[in-house]
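What the coordinates show
Okay, here's what each chain looks like letter by letter:
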Amino acid sequence: MKVLIAADLHNFEFDDVIDIIHEAAPSIDFAIALGDNGHKLEEFADLCQENNILVYSVLGNHDYENYHDNVIDVHGRIEINEATNTSIVGCQGSILYHSKMSSDIVMTQTESLEFFSNLKTADIVISHDGPWLQVDSYGHIGSQGLTKYIEDKKPKLVFHGHYHRNESYMKHNTLVYACYGIIIYDDIIDEFDVIWEGDF
Ligand SMILES: [Zn+2]
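Everything in this summary refers to the structure shown in the same document. Predicted model, so just to flag it, every value in this text is computed and none were measured.

Reading across from one edge, β4-β3-β2-β1-β11-β12 is the order of the six strands in this open sheet, with mixed pairing throughout. Every interior strand has two partners, whereas the edge strands, β4 (72-73) and β12 (191-196), have only one. With two bridges joining them, strand β3 (residues 55-57) and β4 adopt parallel strand pairing. When the sheet's bridge partners are listed, Tyr56 is paired in β4 with Ile72. Running over the sheet, helix α2 (residues 40-50) touches β1 (2-7), β2 (30-33) and β3 and is turned about 175° from β2.

What follows is the structure in C-alpha cells.
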C-alpha cells in the first residue's frame, strides 16, 4: 500500500514537487490530507483528482469547513478504500489550547475521549492532532482520546500532523507517523519518503 500524504502546508507553495507527485501517481493507492493545509488542500486535491487518486481528509485547527470540497471527509466516520480493502477513520482539529479557538474544530480532552470512544475500529486513523504527549506544551499537548483509541482498538497505523515534524514511533502495537509537508509512505518496505518539507 502506497499513500500520498499532505500535512500542514499552511498555504506554502509546493510547485517544486508537483512533477515528483505526477511521476509517483500511478503507484499511489490513495492520498490523505491531515489538516492545516489552508487553500493548498484544494490544489493538492485537484492534483490527486487529475491522477485518479482519492483523498481522505480531516481539517486542522486553522482550517474552515469550506476547504473541504473535492475530498472525502472522514472526521468521525469510517470509509473503506476498496482498492486496498483498508478502513480509514479521522479526527479533525486539535485539543483546545486557546479560549478563542473555534469550538467546531477543537475539542477538550474530555470531548476527545468521548469522540474516540464512539469510533469503531479502523485499520488507519488520520488525525490532525497526535496522541497525548503527557507534557503541557502550548498547543501541542496531544489527544487523550486518540491515545485511548490506540490502546483499545489497536489500529495498524496512525498518521497525524500539527507538530511540524516528521518522525515515527510505536505506541502500544500501533505504528504512529507524525507528518509534515508532502510524503509518500510505502507500508510494504516501510519507507517514509519526505518529498517536501516546509521550514516554519
Ligand atoms: Zn495544527
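Moving on from the coordinates now.
Turning our eyes to something else, we now look at the sheet that holds strand β5 (residues 79-81). The strand order β5-β6-β7-β8-β10-β9 describes an open sheet built from six strands, whose pairing is mixed. Each having just a single partner strand, β5 and β9 (167-171) make up the two edges of the open sheet. Each adjacent strand pair in this sheet contributes to an overall mean axis angle of 25°, direction not counted. Pairing between β5 and strand β6 (residues 86-91): three bridges, direction antiparallel. Pairing of Ile80 across the sheet is with Ser87, part of β6. Sitting on the sheet, helix α4 (residues 144-153) touches β6, β7 (124-127), β8 (157-160), β9 and β10 (174-178), and the angle it makes with β7 is about 175°.

This part takes up unusual backbone geometry. With a phi angle near 70°, Asn11 is a residue other than glycine that sits in the positive phi range. Among the structural elements, Asn11 can be located in the loop between β1 and α1 (18-24). Taking the number of C-beta atoms within 10 Å as the measure of exposure, Asn11 has 12 and is therefore exposed. A positive phi is found at His172, a non-glycine position, where the angle reads about 55°. As for its position among the elements, His172 is in the loop between β9 and β10. Look at His172 and you get exposed, because 12 C-beta atoms sit within 10 Å.

Conventions used here
Residues numbered from 1 in each chain as written. Predicted model: local features only at pLDDT ≥ 70, side-chain atom pairs only at ≥ 80, totals over all residues. Pairing = 2+ DSSP bridges. Helix = DSSP H or I, 4+ residues; strand = E, 2+ residues; numbered from the N terminus. Contact = placed C-beta atoms within 7 Å. Axes fitted to C-alpha atoms, helices over the stretch in contact; angles between N-to-C directions. Buried ≥ 20, exposed ≤ 12 C-beta atoms within 10 Å, placed from the backbone.

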